[in-house]
Amino acid sequence: MSSVMNEKKAFRKTHLTWTLIFTLSIVFVVAVVAGAVFMVEKNRITRQFDGDLVRTAEFIEKRLSAPGMMGMLRMMKGMPPLFVPRGEAFQLLLSSGEVFLEVGEQLDTPEMPVKEGFSTEGNYRVFTKKIDLGDTTIFLRVGKDISDLMERSRRLLSMYLLLIVFTAGGAWIFGYFISKLALLPVKNAYDSLKRFSMDASHELKTPLSVLKTSLDVLKYQDVPEEVKNKLSIMEKNVEKMRKQVEQLLLLVKSGEMFKDTVKERINLKVFLEELVEAFAPKAEAKNLKLKIECPDDLFVETEKDVLRVVLENLIDNAIKFTEKGEVIVGAVSDGRVTIYVKDTGPGIPKKEQKKIFERFYRISRNTEGSGLGLSIVKELVARLKAKIVLESEEGKGSTFKIIF
Ligand SMILES: Nc1ncnc2c1ncn2[C@@H]1O[C@H](COP(=O)(O)OP(=O)(O)O)[C@@H](O)[C@H]1O
Ligand SMILES: [Mg+2]
């Protein structure tokens, strides 16, 4: 299941990544366009508002210029704000800064010198204009409440934010389906490739077994020495091929192969002894010591067949890459059970330690192998919900630990 699960995970991750990219692109475009519209609209409203203020000021200026108007105004000084709609305010200042006449809501008295132009004072937008009345110069200030304007702008902004939230939601849903659709051909191609490798390795297995048996039979016939040598080379290569096909099959089919395995309580000492025994001839052939370090009463609850494949690969590597010294297979427990395979081989450089778990990766091409072993180990260990840790230094051997 583990290999299948990893691919599923990878597909899912790609799917979600594309959905996210799609969503972000759409949101970005909408945010920029809507943001621009928002700014333009806000500017337009502000300009309109300011235009109104200027027109009002000009209107009043015209009236003030009428002969005798100033005198009349002087008489009106201190009168209550007559005929002024709520939210509007007018102020006449002498150039000394003295407030001469005030109508409507009270505006702050500006600091001297009085500046012409627009300003915002509390809830009021104020336009100040200098008026030349021949003998005197006065300042006219026209103010208008902008609470409404701000409220409109706030509403516009919340509409804008709402739009973005809805766009993001919509884009996510849409993107989810679109990217699923886009990934479908890739997934189909992948599935058929996988099915092909499964079938192919399966088909290869049978003829290889037949070849192997035939060679076995031939070996014991009375044939010339030269032929015998050739037969032995053939046998070796058939065995090599059989192993590689086996690993390939394991890689593409481990999920299916182990689908019925169940967890069981394993006595590790017994299990390791049985396992290591099979490697004794190989170790002996290389003059390596093969040892077990394990307490008698250490148990672990896991899928036995899966664990066996994992350890077989690690022990096989340890013996294969070690020229001198020993290979130790052991287990300890400090709350968590750790099984390890330790060798006195060449060690693995730091920069290779991640890569050797990749499919087909081998540090050197000079050794026999497919480079699949450790990638299978990695997947199976994940399936066992355990962790694999490699401790190694160049020239100082390697220790592979499976931590439960
Ligand atoms: N115990 C070890 N000591 C040194 N190198 C190792 C050891 N185990 C694995 N390696 C390195 O990691 C590579 C990948 O291992 P593996 O996936 O089992 O492939 P293979 O055994 O087919 O070469 C090996 O080719 C080897 O270079
Ligand atoms: Mg290997």
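Residues numbered from 1 in each chain as written. Chains lettered and ligands numbered in written order. Predicted model: local features only at pLDDT ≥ 70, side-chain atom pairs only at ≥ 80, totals over all residues. Heavy atoms only, no water.

## Some thoughts on the overall build of the protein
For step 1, the next point in the chain: Counting its regular elements, the protein contains eight helices and 12 strands.
For step 2, the next point in the chain: Across its three principal directions, the C-alpha atoms of the protein cover 145 × 45 × 40 Å.
For step 3, the next point in the chain: Residues counted as buried form 36% of the 404 residues belonging to the protein.
For step 4, the next point in the chain: Considering only residue pairs separated by 6 or more positions, the protein has 65% of its internal contacts joining residues 24 or more positions apart. (Helix = DSSP H or I, 4+ residues; strand = E, 2+ residues; numbered from the N terminus. Buried < 20%, exposed > 50% of the residue type's maximum accessible area, 1.4 Å probe, protein only. Contact = heavy atoms within 4.5 Å.)

## Examining the sheet that holds strand 3 (residues 117-121)
For step 1, the next point in the chain: Read across the sheet, five strands follow the order 2-1-5-4-3 without closing on themselves; strand pairing throughout is antiparallel. Each having just a single partner strand, strand 2 (99-104) and strand 3 make up the two edges of the open sheet. Ignoring which end each strand starts from, the neighbouring axes of this sheet average 20 degrees apart.
For step 2, the next point in the chain: As judged from the five bridges shared by strand 3 and strand 4 (residues 124-132), these two strands associate in the antiparallel manner. Opposite Gly 117, over in strand 4, you have Thr 128 as the bridge partner. (Pairing = 2+ DSSP bridges. Axes fitted to C-alpha atoms, helices over the stretch in contact; angles between N-to-C directions.)

## Details of unusual backbone geometry
For step 1, the next point in the chain: Here Asn 287, not a glycine, exhibits a phi torsion of approximately 65 degrees, which is positive.
For step 2, the next point in the chain: With respect to the secondary-structure elements, Asn 287 resides in the loop between helix 6 (280-285) and strand 7 (289-293).
For step 3, the next point in the chain: Here the phi dihedral of Lys 385 falls at roughly 60 degrees; this positive angle occurs in a residue that is not glycine.
For step 4, the next point in the chain: Relative to the helices and strands, Lys 385 is located in the loop between helix 8 (373-383) and strand 11 (387-392).
For step 5, the next point in the chain: Judged by relative accessible area, Lys 385 falls into the exposed class, the value being 72%.

## Regarding the packing of aromatic side chains
For any two aromatic rings, the description comes down to two numbers: the centre-to-centre distance and the angle of the planes.
For step 1, the next point in the chain: As enumerated under the stated definition, the model contains six aromatic pairs in all.
For step 2, the next point in the chain: Consider the rings of Phe 38 and Tyr 160, whose centres lie 5.8 Å apart with planes at 15 degrees: the pair is stacked. Note that Phe 38 is positioned in helix 1 (residues 2-64) and Tyr 160 in helix 3 (residues 147-219), a separation of 122 residues in sequence. Considered together, Phe 38 and Tyr 160 belong to a single accessibility category, that of buried residues.
For step 3, the next point in the chain: With a centroid separation of 4.8 Å and 35 degrees between ring planes, the pair formed by Phe 118 and Phe 127 is classed as tilted.
For step 4, the next point in the chain: Taking relative accessible area as the criterion, Phe 118 reaches 36% and is therefore assigned partly exposed.
For step 5, the next point in the chain: When the ring centre of Phe 49 is taken as origin, the NZ or CZ atom of Lys 144, which lies over that ring, is 5.4 Å away. (Phe/Tyr/Trp six-rings, centres within 6.5 Å; stacked < 30°, edge-to-face > 60°. Lys NZ or Arg CZ within 6 Å of the ring centre and 35° of its normal.)

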